[in-house]
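Structural features, examined
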Amino acid sequence: MNWQNGIANAMDYIEEHLTDTVELTAIAACVPCSSHEFCRLFSFITGIPISEYIRRRRLTEAGREIQAGAAILDTALRYGYESQAAFSRAFRNWHGVTPASARESETMLRPFPRLDFRLVLMDEKSGRDTAYRSNIIGAGQAGYGLIREAQTDTIHEVNRKFWDEGAAEYLGAISLPKYGAFITEDHCQLLGDLSGQKILEIGCGAGESLVWLNGQGARELWGLDISPEQLKRAEENLRNAGTSAKLILSPMEDGSALPQNYFDCVVSIYGIGWSTDLPRTFRRIHDAMKPSGTFVFSWSHPIHKCIAIENDLLLWKKSYFDERWYQAATPGGTLSLSDRKLSTYLNALAEAGFILEKLVEESEDALLAANPGVFSEKAKQVPATFVIKARKLDYGN
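For the structure given in this document, a descriptive report is provided here.

The rules we used
Residues numbered from 1 in each chain as written. Predicted model: local features only at pLDDT ≥ 70, side-chain atom pairs only at ≥ 80, totals over all residues. Heavy atoms only, no water. Phe/Tyr/Trp six-rings, centres within 6.5 Å; stacked < 30°, edge-to-face > 60°. Helix = DSSP H or I, 4+ residues; strand = E, 2+ residues; numbered from the N terminus. Buried < 20%, exposed > 50% of the residue type's maximum accessible area, 1.4 Å probe, protein only. Lys NZ or Arg CZ within 6 Å of the ring centre and 35° of its normal. Pairing = 2+ DSSP bridges. Axes fitted to C-alpha atoms, helices over the stretch in contact; angles between N-to-C directions. Right-handed = clockwise from strand over helix to strand, strands pointing away.

1. Section: the packing of aromatic side chains
As enumerated under the stated definition, the model contains 19 aromatic pairs in all. Ring plane angle 85 degrees and centroid distance 6.2 Å describe the contact between Phe-297 and Phe-386, whose orientation is recorded as edge-to-face. You can see Phe-297 sitting in strand 10 (residues 289-300) and its partner Phe-386 sitting in strand 16 (residues 385-392), a full 89 residues away along the chain. Judged by its relative accessible area of 0%, Phe-297 falls in the buried class. One aromatic cluster is present, formed by Phe-282, Phe-295, Phe-297, Tyr-345, Phe-354 and Phe-386 through successive ring pairs. Against the face of Trp-222 rests Lys-246, its NZ or CZ located 5.5 Å from the ring centre.

2. Some thoughts on the sheet that holds strand 8 (residues 246-249)
Spatially, the 7 strands line up as an open sheet ordered 8-7-6-9-10-16-15, and their pairing is mixed. Because the sheet does not close on itself, it has two edges, and the strands there are strand 8 and strand 15 (354-360). Neighbouring strand axes in the sheet, compared pairwise and without regard to direction, differ in orientation by 15 degrees on average. Judged from the 6 bridges that link them, strand 15 and strand 16 form a sheet pairing that is antiparallel.

3. Digging into the pairing of strand 8
Taken together, the 4 bridges between strand 7 (residues 220-225) and strand 8 define a ladder with parallel strand orientation. Bridge pairing in strand 8 places Trp-222 opposite Lys-246. Remark: the strand 7/helix 11 (residues 228-240)/strand 8 crossover connection has right-handed handedness.

It is worth stressing that arrangement in space is one thing and function is another; only the former is reported here.
If you want it as structure tokens, here you go:
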């Protein structure tokens, strides 16, 4: 039996024993290895202890059963809790609501899906098939991620929870005039004069960029985001700045709530990379823009994701061509991402009806000098952020 099959069997064993005793020795025997070795391997790959994984899976399944009508006490006992009070505390700590509140029709619980993953060990010869994910979105290392099939609903739910629970504090808020690590609008001058323009931000988060755009003379502001908690913060930040915006709670792939041929400019600061369907997202944005309107967006550079610093050396850690979705456990929560090639972005733009005006990928010397450290040393040699300015084709001219 190989390691991949062994890990899959271990996950099967856990799922089969969520409602009774999960023996660590039995899990490890599936691999096979010692209990100590399995615990180290699991924590190394997932970023969480095996005990925490089992706890989250039990609370996820318990929430599903309660929402389906199961009695709270029966469910508590079924999943190994000695009392309803102890279960309710654990349930609230994980889901953010009580078991009784979970029955309300509008309540959304925090999911933690079973980890059905393929363990991929680094190929020292080719480096083309590794689960390593370096520097998720321009700040902080993810280490190893779990390669998963792209299931849109699950990805949206995982990432919505990630941002609802304050992930911005972990990742660091990225907003205009910054485009991300070491690139700014002050230096690039991509947006031009925004006076009197109708502007939409995709992935507006807590609204910091919208506040900045208002200060540049924008006539009308719109923001779209998947996180209701982020939109609440955006509304508050806009109100404190003495302005407002039309805020839309929606995945960016949808866009059905957006007007057609309406916006002069669309921006997205480290937002587009969260899209589960890039061509569809670009088509939605294209439809919402006026002819000759500008679209400017930034994201973590894919080359940066392939390389890590170890012992003062830049080492190639993953294939640039690997665009599979993966989940990573971080101090800010679990998230799902895909590392796309630059050509994937550019080709999707062209197919949606945009023309490329400018690609920026070189870090600014002044910012590198002002922020010394390992991250900036790496950014001197490989790009950390890329920014694309595109324009909607005007077929009338």
